[in-house]
Each structure stands twice: as structure tokens, then as C-alpha cells.
Amino acid sequence: MNDSAAGAPLPPPVGLGLVHWIGFQTIVIREYGRIIRIWGQTLVPSAVNATLYFVIFGSLIGRRVGQMGGHSYMQFIAPGLIMMAVISNSYANVVSSFFGAKFGKHVEEMLVSPLPDWLIVAGYAAGGLVRGLLVGVVVTAVTLLFAHLRVEHAAIIAAAVILTSAVFSLGGFINALVAKNFDQISWFPTFVLQPLTYFGGVFYSVQILPGWAQAVSYANPILYMVNAFRYGFFGVSDVDVAGALLIMAAAVAGLFTIAVVLMHRASGIRE
Amino acid sequence: MHALSVRGLTKTYSNGVQALKGVDLDVEEGDFFALLGPNGAGKTTLIGIATSLVNKTSGSLSVFGYDIDRQIEAAKSCIGVVPQELNFNQFESPETIVVNQAGFYGIPRRIARVRAQKYLKQLQLWDKRDKMARALSGGMKRRLMIARALMHEPRLLILDEPTAGVDIEVRRSMWEFVREINSQGTTIILTTHYLEEAESLCRNIAIIDGGHIVERDQMSSLLRRLHTEVFVLNLRDSLAAAPQLAGYPTTLVDGRTLEVEVTKEQSLNDIFMRLSALGIEVLSMRNKVNRLEEIFMRLVEKHGTALEEGPGERGRAGESRPASRSEAAPLRGHGGRS
């Protein structure tokens, strides 16, 4: 006979709130350790890419472009390049780390532990956030070598970068959860994420596009992220900033829910 | 208090394979319990359900009274598991692996580091604590998984073929270690293909086959049920034919190797007297097979008819029944009356 089946549930053997908090910290510390351990793969490439973008697009081509949105082209692309690095690194961190854990089976270390599914999702998303923010700081440092950045709204910069990083961390988690092989974790970044980022207003203002292209661009969520972030620096945006932040917050909530439901349904990790 | 209590547990995989067909099982607190069965019998599925790596289809399972449907987190906090397959990050160090594992169970890092030192030293891994795990030998990797499973000091330790592929010296040192852990009060459930291991370590046993528990008894009671044993005698002088020993079927394997079948009512002294009377000198003797292996094979063969229903009845996809007895029990025992 089940000992607890006949009566009320037994009191838990340990304080589960404390288990959750320490477990969450452990996932984040492990992710941070991984980011630092392989810094040549996680932190350096974005600095190199940003330098190349600034030299080629900002310095060589940008001189001929002139002003955009009331700022030099070098200044205009700077927030977008920072955000582009944050997006790709947040996504890449979680998709590679969680898929690696799934592929190497060490995801089971967490699955057999008392950590609930939502906490595992939150821990990996926080790990993606850590990498996104670290890379954001590195690329910002590179940016300051090429362009002057003034800060108009620090809170909006922080909100935009955190929400954007969270959105793509959760996206990476879902991709890793459903992917069955390495092809399936490279497909989305290559064929969806990268085109959306390039057409997301990083290198141009949507105001220069013809009407139909503007309409299409407004369906691109990355446009809102880049413009909200740019608004924090320059006080100008192609979109409504409050609306953009709201969309991002809703995306975080929606993706988090999807990730937890998929974890609970055991997609790809439990039988 | 039952460390593990299972009632009517079933599992049907998405491919239609029915791995568990209504398992009932109780394991007492403090027990050293053997769960045996051929490949695909349902052992790993049962363990997977207890550790939430496999979702059950129906039935109930509780760990120290914590029902997995209602208090899964509390149930899991009581369990430490050493799986069949390596499942740690090969690019992390042993110390990092065990300290992180403790964190997943809510052990603060300060305490986890102290425990890491304790268990890595006990399992002779302390001097390898900073090496990358992939650089460890096979035996070290197995010991690392035991250290990892003990970091939160679980009340129930599940060892799923912990010594597979490990040399005999390491295996015996692991036996001593888990005996010590059990003597300190930790309940242990062991699955193994080394039946000598189960016979030597475990007090109680269940045999699972075709998704059913086909036997559940004390190890000593089960072994007493063995009616006949075959002894292999090594002779000083070569014989041309098997000697006639009334009441004892004999087979001459080669000139100097004689097999004698003995029932539990018969006496070995009687055999030796008869052999001496015939002028046959015995140099040494051993069991032909391990006693538990003999019972295991009889039970599995007895229930084998149910297993001939088709490939879908063999549990998890990709698993199959051992092709031979030696596969089911790679290590031949030398126990019994020899």
C-alpha cells in the first residue's frame, strides 16, 4: 500500500523553496562557467564581428551614406550591432548548451533531481541572459572605439536588452528541446533568425523603405527590439517604444509557457 | 516504511511496446535489494519511472511514502541514481560535476565542496578532481557516478548495472563501498547482469521478466529452492569414460574433467567416497554455474512462453534477450558448496 496514498501528503524531507533557489543558482553558475571556459567561442567572435562591421559598413561605406535618422551612419548602426550580438549569443548559448546536455545525456542530472521543469527553463534562460549581457558589454566596448554613444534613457536600454535576450534565450531553449539532431539547431538561426535580424532595422531606418516594405518590416519582431534599444541611446525610434517593450514582455511570457509545457510533455528528453 | 512501493505499474511506449504490465513491488527501508531480469524485461523502465526519466502509463509508485503523482519533488529528493550509461558532462571536472549535482538537490556550495572531498576521496578520485572527466578510465567514470549520486546523501540509492564493464578489482572495491553505504542505513536497489554480485550483496531479490515480477523472495530462501547443482571436478589422472556413480548422473567433459549432478538431499562426502573407491583422485571442484544464475535461468525460461509473442513484447526498443547464458551472467560464480 502506498504510504501516502491513504492520507494527506507527507511533509517534504527538505525545504523545497531553498532547493529551488540553490538549484537555479547552480544552473546559472554552471552556464557562466561554461561561457568563461570557452570564452574564445562565446565572447570573442562578437567583438571581431562588430569590429569588421564598423570598419566596413561604418567607416568605409558609412561615409558615403551620410546621415541616417539624424545621426552619423556609424552612430546609427551601433545600437543595432550591439543588439544583433545580444540576440545571436543569447540564442546560441541556450540552444547549444541545452542540446549538448540532451545529446550527452547529462540533462538527466537535472531531470532526476527535485528541480521542477519551470526552474530548469528559467535557469537556462538566465544563462542565456548572462551570455547576452556579457557579449553586449564586450560589443559596446568595441563600439566606443568607433562611435560616440550618448545615453538618453538608461532604463529603456536595460529593459530592451534584458527582454530581447530573454526572448531569444527561451527561443533557443525551445529549439534545443524539440531538435533531434545538430542540423535542427542550426536551421532556425541560419534561415530565420539571421534574415530577420538583417531586415530588423540594424543597418537602416525603415523610413527609407517603400510603403509595402515598411508594412512587411513592422511584422518583424526584431525591428521593435532594435528600435526600442536605439531609442534608449538617441531618443528616436521607428516604432512606439512602450508598445515594443510590451510586445517583448508578452513574448517572454508566451515562450516561457511554451517551453515549460514542452518540458512537461517530455518532448525529446523523457520517454 | 517502504523505501519503494509500486502498485499496478504499467508502461506502454509510444511505439506500442509494453514494457511494464502491472508491476507490484515493495522494498523495505534499509534493504539491499536485487532487481534482476534479462535485457528488455522492464528493469530500467521501472527505475526510469521512479526517477522521472520515464512517464508511467498507469499505476502508482511512492518513495518513502512520497507518491510521485502528488509529491514528485519530495520523492526525487530521497533518491540517488547511478544509471547504466554515462550521463555526465565529459568536459567538466569530477569536482565540478559532483558539486553541481549537489546544487540541483539544494545543497549549498560550501557544504557540497566538503562532501565532494569526502566522496571523491572514498572512491579514489580525489587526485583526479581537476581533470576533465573524459580523461578518466572506465572504472573511474563509474565511480564518479556513484560519488555524484551520494552528494545529497539519499535515503534510497539505485544502482543500475554499476559495475558493467569494470575490471574485477575495481568491481570488488565498489562492492565493499556500497556494502558500507548500506550498513549506514541507505536502502540500495541493485540491477546487475553479474549474478554473483547480486548473490553476494543482496538480502532480497525480485526477478522481472516480460514486464511482470515473476519472483520476489529473500535471497537465501530463493537459493535454497535450487534442487540440483552440477559440480565440475578436476581429476589427477585422465579417464577413458565417465565412471558409474549410482544416483549421480556424470558426464566426462574431457579426460580430466568430470561433471556430477547432485540433488540437495545428496551428500558430497558420498560422492568422494565412491570416487575414492574407484581410485579416482579429485584435485579441485567448482560449481558449473552460479547458483543464482541457475535459478534465474529456470525462472526466466519458465515464463518464457509469454515472451515468445513477438519482438514487441521485449520491452524498450533496441533491447533484446541475451542470446546465451554467458551473456546474462558474464561472471561465472564459484560460490555454493565448492
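Quick notes on the rules
- Residues numbered from 1 in each chain as written.
- Chains lettered and ligands numbered in written order.
- Predicted model: local features only at pLDDT ≥ 70, side-chain atom pairs only at ≥ 80, totals over all residues.
- Pairing = 2+ DSSP bridges.
- Helix = DSSP H or I, 4+ residues; strand = E, 2+ residues; numbered from the N terminus.
- Axes fitted to C-alpha atoms, helices over the stretch in contact; angles between N-to-C directions.
- Buried ≥ 20, exposed ≤ 12 C-beta atoms within 10 Å, placed from the backbone.
- Core = buried A, V, L, I, M, F, W, Y, C linked by C-beta atoms within 7 Å.
- Contact = placed C-beta atoms within 7 Å.
- Expected span 1.5 Å × (residues − 1).
- Domains from an automatic or database assignment.
- Nonpolar A, V, L, I, M, F, W, Y, C, P; charged D, E, K, R; others polar.

1. A look at the sheet that holds strand 13 (residues 257–263) of chain B
Residues and elements named next belong to chain B. An order of 12-13-11-14 is seen for the 4 strands of this open sheet, with the pairing classed as antiparallel. With partners counted over all chains shown, the strands left at the sheet margins are strand 12 (250–254) and strand 14 (282–287), one partner each. The average angle at which neighbouring strand axes cross in this sheet is 25 degrees, direction not considered.

2. Considerations on the pairing of strand 10 (residues 212–218) of chain B
Residue and element names in this part refer to chain B. Bridging between strand 9 (residues 204–209) and strand 10 involves 6 bridges; their strand directions are antiparallel. Among the inter-strand pairings, aspartate 209 is bridged to a residue of strand 10, identified as histidine 212. Connecting the antiparallel pair strand 9 and strand 10 is a turn made up of 2 residues, with glycine 210 showing a positive phi of about 60 degrees.

3. A word on unusual backbone geometry
Even without a glycine there, the phi angle at A:Lys105 is positive, about 70 degrees. Judged by the 17 C-beta atoms lying within 10 Å of it, A:Lys105 falls in the partly exposed class.

4. Considerations on the nonpolar core
Ranked by internal contacts, the top residues of the largest apolar core, which has 161 residues, are A:Leu81, A:Phe173, B:Val63 and B:Ile158. Top contributing element to this core by residue count: helix 4 (residues 73–103) of chain A, with 18 residues. Contact partners of B:Ile158, with chain neighbours within four places excluded, come to B:Ile47, B:Ala50, B:Ile79, B:Val81, B:Val82 and B:Ile189.

5. Quick notes on the environment of A:Leu163
Residues and elements named next belong to chain A. Along the polypeptide, leucine 163 turns up in helix 7 (residues 154–178). When the C-alpha atoms of leucine 163 and aspartate 183 are compared, they prove to be 27 Å apart, with 20 residues separating the residues in sequence. Beyond its immediate stretch of four places on either side in the chain, leucine 163 contacts Leu245, Met248, Ala249 and Val252.

6. A few points about helix 1 (residues 16–37) of chain A
With 22 residues, helix 1 of chain A ought to run about 32 Å at 1.5 Å a step, and its terminal C-alpha atoms sit 31 Å apart, in line with that. For helix 1 of chain A, the complete set of buried residues consists of A:Val19, A:Gly23, A:Thr26, A:Ile27, A:Arg30, A:Glu31, A:Arg34 and A:Ile35. Buried residues in helix 1 of chain A make contact with helix 2 (39–42), helix 4 and helix 6 (117–146) of chain A together with helix 2 (72–77) and helix 3 (94–104) of chain B.

7. With respect to the domain arrangement of chain B
The assigned domain composition of chain B is domain 1 (2–223) and domain 2 (226–287). For domain 1 of chain B and domain 2 of chain B, the distance between their C-alpha centres works out to 42 Å.

8. Some thoughts on the interface of chain A and chain B
One frequent convention defines the size of an interface as the accessible area lost when the parts assemble. Taken together, the contact between chain A and chain B spans 32 residues of the former and 38 residues of the latter. Listing elements by their share of the side of chain A that touches chain B, those giving two or more residues are helix 1 and helix 5 (108–111) of chain A. Looking at the side of chain A that touches chain B residue by residue, the class counts come to 17 nonpolar, 8 polar and 7 charged.

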